[in-house]
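# Architecture at a glance
So you can see what is in the structure, the chains are spelled out below.
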Amino acid sequence: MKLNISIFKKIILLFSVVLITTNSIAQKAKTNPEKQALFIYNFFKFVEWSNYDELQSFNVGVIGDEKNLVYDELVNISKTEKAKKLPIKIKRLKNLSQLDDIQLLYFDKGASLKFEKIYTAIGEKHILLVSKGYPYGKSMINFIMDGEKVAYELSEKKCENAGLTPSKVLTLVAIKSEKEWNKLINKFENITNTEEETVTINTKDLTKFVKEQKRLLSEIGINTKKLEVQKEKLKKQQQELSAKENQLLKTKEEIEKQKKLITEQLNKIKIQHKNLSTLNENVLAKQSELIKQQEELEKETQNLIAIQNEYKKIETALKQKERLVNEQGKTIDAQGNEIITKSDKIEEQESIIWLSILFLLIVSILGILAYRSYRLKNKANILILKQKDEIEEQHKVLEVQHKEITDSINYAKRIQDAILPPLKLVRSYMPDSFILYQPKDIVAGDFYWMESINNLIIFAAADCTGHGVPGAMVSVVCHNAMNRAVREFMLVEPHEILDKTREIVLETFEQSAEQVHDGMDIALCTINTETNKLNFAGANNGLYFIRNGELTQIKPDKQPIGKFDDAKPFTKHSINLEKGDVIYTFSDGYADQFGGPKGKKFMYKPFRELLLSIHQKPMDEQHHLLKNSFDDWKGPMEQIDDVCVIGVRI
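Conventions and cut-offs
Residues numbered from 1 in each chain as written. Predicted model: local features only at pLDDT ≥ 70, side-chain atom pairs only at ≥ 80, totals over all residues. Heavy atoms only, no water. Helix = DSSP H or I, 4+ residues; strand = E, 2+ residues; numbered from the N terminus. Buried < 20%, exposed > 50% of the residue type's maximum accessible area, 1.4 Å probe, protein only. Contact = heavy atoms within 4.5 Å. Areas by Shrake-Rupley, 256 points an atom, 1.4 Å probe, with all protein chains shown as cover. Core = buried A, V, L, I, M, F, W, Y, C linked by side-chain atoms within 4.5 Å. Salt bridge = Lys/Arg side-chain N within 4 Å of Asp/Glu carboxyl O. Pairing = 2+ DSSP bridges. Axes fitted to C-alpha atoms, helices over the stretch in contact; angles between N-to-C directions. Expected span 1.5 Å × (residues − 1). pLDDT = per-residue confidence, 0-100. Patch = residues over 30% accessible without salt bridge, like charges linked within 9 Å, V, L, I, M, F, W, Y side chains within 5 Å. Parallel < 35°, antiparallel > 145°, perpendicular 65-115°, else oblique. Left-handed = near helix turned anticlockwise from the far one by under 90°. Nonpolar A, V, L, I, M, F, W, Y, C, P; charged D, E, K, R; others polar. Phe/Tyr/Trp six-rings, centres within 6.5 Å; stacked < 30°, edge-to-face > 60°. Arc of directions from axis to C-beta.

We now examine the overall build of the chain. Along the backbone of the chain there are 17 helices and 23 strands. Residues classed as buried in the chain amount to 37% of the 650 residues present. Residue pairs at least 24 apart in sequence account for 69% of intrachain contacts in the chain once pairs closer than 6 positions are excluded. For the chain, the accessible surface area stands at approximately 39100 Å², while carbon and sulfur atoms represent 54% of it.

Take a look at the structure:
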């Protein structure tokens, strides 16, 4: 049986294993540099980087390529395409010292590079080497040109050594030797260069294709009937939800009252912060004055000690003079008659008397100086005591204000605790589970959330912008938005809940006169207790899923719940659960904590290894081990962010 060639190509497109080969045939009219650039772009799709979670963009470094042929084509692709939802950046490198932040390095023979130096420069970096025209088996991926054809060889071992995992699509299409390459070229030339308009197709393959189409149409019919049943269920749910509208209105009014109360508390806190700053400045000024006065007192004390020493010397001399005067007085009394006749002796005695008077005057002056220093010292002591009383009074004021601030924050914590689902309620829906919730401050930006609708259990771990009081304010807004998305808009799919939550949060913040860029990262799950099926959607926060000792990571959308320039609808992921499966959702506080012997971050890879090592233990014990590991790693260092980890065993 013969069919048109275009139909044959459509059938080939059904097989994803030969996707790259089909692209190379379809792009026959392109130049070799264009084909190479397209192949490099496909490498991003079919290679897994072990550090993908840490990347903000895929960076391509180019060395060689004298006429910029491949470089220009890569720049054109980067303007319109993305790799794994990340932007592509093309950089022209001068040498191997510029490999920081590079994920793929392309170079040709014009670069004149030696592989020993290349691998030395790469070290432990996760960089994919793509070369052109080099000897077989030296590079990770090496282009081999044959006229208008572009093919490549691939070394899985070299890729794995660099922390890269090539897809089976790449390994199946890649050639293993030059002889195999020549056979591949001849095969495609026979298909694409034939002058016949038809090719022979096996009728058995066509019959299988038709049967498969019929099977798919049958499944579509069955799914249509299921959708009708679900519509009927939704109508009943709408009737039930309408009865709860009055309760929701009351809840909204209560939330508005709480918002007003929190706003008043925040205004008081701002005023108290200003008063604290003023008091601190006054205390510092008083302390500096006290230090100066103490220095002056020390100088006066030293002067007084010197005067006292001098006074002691004069007092000793005066005692000696007094003894001399007493002796002379006795001589005068005994020789009264001789005084009249001995004028010389009288003059000498008069000189001694005048000298004694002079010493008495000096002693009096020193006494006056000593008394003055004593009064100054007493005056300074009185001033110091007065200032001490003032400082103590200010400390009392500070203590009162600090207590008021702490009481306000504790009241805000009670409000925040009120919006968190009680652990008793969580255990009633998910008996085999735990929640590790450890705020950085009294109140937190992280929170956990849960709802139950019929046979659906909906739960989430959320991380709002900031922590402390600002983070708690944002968490109230985001928590209210999630409640509205589920209760008011009756959404049950995780990606739809996140889309509506983002819409409500943006509407709330747009009411402000200033631009608000706050929001939250979140991992949101739904578990159907009848079908045992899990659906997941994430905003920057992913999900870990462990089955039979193997951990699978479900990656989130790289966008927050909040203002974002390149916002897109959130993606839904589904898993059919089995008994014994363990699910973990979390915020970034655990992995980002600094600690350990070198004061570094804990990081996500050790976090995954820790979960794998404890996932078979009872959930309460897992909670205990996670908390102890976190506290041991943190040690004496300060906790930098709120921590929230949720574990559920099926």
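Further notes follow.
What follows concerns the nonpolar core. If you look at the biggest cluster of nonpolar residues, it comprises 54 residues, and the most contacted ones within it are Phe-43, Phe-107, Leu-128 and Tyr-152. Considering every element that reaches this core, the biggest residue donor is helix H3 (residues 32-46), with seven residues. Of all hydrophobic cores here, the second largest spans 49 residues; its members include Ala-461, Ile-497, Phe-509 and Ile-561.

A complete count under the given rule lists 17 salt bridges for this structure. The residue Glu-488 makes a salt bridge to Arg-484 at a minimum N-O spacing of 2.9 Å. Residue Glu-488 and its partner Arg-484 are both found in helix H14 (residues 468-488); the two are separated by four residues, about one turn of the helix. Judged by relative accessible area, which is 32%, Glu-488 ranks as partly exposed. Arg-484 gets classed as partly exposed once you look at its relative accessible area, which sits at 25%.

What follows deals with the sheet that holds strand E18 (residues 550-554). Picture the strands of a sheet paired through backbone hydrogen bonds; they go either parallel or antiparallel. One open sheet accounts for five strands, arranged E12-E23-E20-E17-E18; its pairing is antiparallel. In this open sheet, the two strands that pair with only one neighbour each are strand E12 (433-438) and E18. Direction aside, the axes of adjacent strands within the sheet are offset by 15° on average. The pairing of strand E17 (residues 543-547) with strand E20 (residues 582-586) spans four bridges and is classified as antiparallel. By the bridge assignment for E20, Ile-546 is matched with Val-582. Strands E17, E18, E20 and strand E23 (643-649) of the sheet are contacted by helix H16 (residues 604-614), whose axis makes an angle of about 35° with E17.

Moving on to the side chain of His-495. In this fold, His-495 is placed in helix H15 (residues 494-510). Note on His-495: relative accessible area 17%, which makes it buried. With residues near it in sequence (within four places) discarded, His-495 still touches Ala-537, Phe-570, Thr-571 and Lys-572.

Think of an α-helix as 3.6 residues a turn; residues three or four steps apart then line up on the same face. The terminal C-alpha atoms of H3 lie 21 Å apart, and with 15 residues this matches the ideal 21 Å at 1.5 Å per residue to within 8%. For H3, the buried fraction is high: 12 of the 15 residues fall into the buried class. Among the residues making up H3, those that are buried are Asn-32, Pro-33, Lys-35, Gln-36, Ala-37, Phe-39, Ile-40, Tyr-41, Asn-42, Phe-43, Phe-44 and Phe-46.

Another point: the pairing of strand E3 (residues 58-63). Within E3, six of the six residues are buried, leaving the element largely enclosed by the surrounding structure. Residues Phe-58, Val-60 and Val-62 of E3 are buried on one face, and the alternating residues Asn-59, Gly-61 and Ile-63, pointing to the opposite face, are buried as well.

With respect to the secondary-structure elements, Ala-174 resides in the loop between helix H7 (168-173) and helix H8 (178-192). For Ala-174 and Leu-154, which are 20 residues apart along the polypeptide, the C-alpha to C-alpha distance reads 6.0 Å.

On average, the chain scores 80 in pLDDT, and the residues at 70 or more come to 76%. Note on residues 1-29: pLDDT is under 50 here. Beyond four places in sequence and across chains, it has 43 contacts. Contacts from residues 191-203, a stretch scored under 50 in pLDDT, to residues over four places away or in other chains number 22 contacts.

Here the focus is a nonpolar patch on the surface. On the surface, Ile-353, Trp-354, Leu-355, Ile-357, Leu-358, Leu-361 and Ile-362 cluster together into a nonpolar patch covering about 670 Å² of accessible area. Considering the arrangement of structural elements, one finds Trp-354 in helix H12 (residues 343-419).

Turning our eyes to something else, we now look at the packing of H3 against helix H4 (residues 69-80). Look at H3 against H4: their axes get within 8 Å of each other, and the N-to-C directions meet at 50°. Taken together, H3 and H4 sit at an angle that is classed as oblique. Regarding H3 and H4, the two cross each other, and that crossing is right-handed. Of the residues in H4, those in contact with Pro-33, Glu-34, Gln-36, Ala-37, Leu-38, Ile-40 and Tyr-41 of H3 are Leu-69, Val-70, Glu-73, Leu-74 and Ile-77. Of the residues in the contact of H3 with H4, the class split is nine nonpolar, one polar and two charged.

Summed over the entire model, instances satisfying the criterion amount to 23 aromatic pairs. Aromatic side chains Tyr-544 and Phe-607 sit 6.2 Å apart centroid to centroid with 45° between the ring planes, which places their arrangement in the tilted category. On the criterion of sequence distance, the pair formed by Tyr-544 in strand E17 and Phe-607 in helix H16 is long-range, its members being 63 residues apart. Like Phe-607, Tyr-544 is buried. Relative to Tyr-604, the ring of Phe-586 has its centre 6.4 Å away and its plane inclined at 50°; by these criteria the two rings are tilted. In this pair, Phe-586 is assigned in strand E20 and Tyr-604 in helix H16, connecting sequence segments 18 residues apart. Classification of Phe-586 as buried rests on a relative accessible area of 4%. Every member of this aromatic cluster is reached through a ring pair, and the members are Tyr-544, Phe-586, Tyr-590, Phe-602, Tyr-604, Phe-607, Phe-630 and Trp-633.

Within the sequence span of H16, burial applies to Phe-607, Arg-608, Leu-610, Leu-611 and Ile-614. Down the axis of H16, the smallest arc covering the buried residues is 160°, so these residues share one side. Buried residues along H16 sit against E17, E18, E20, helix H17 (619-634) and E23.

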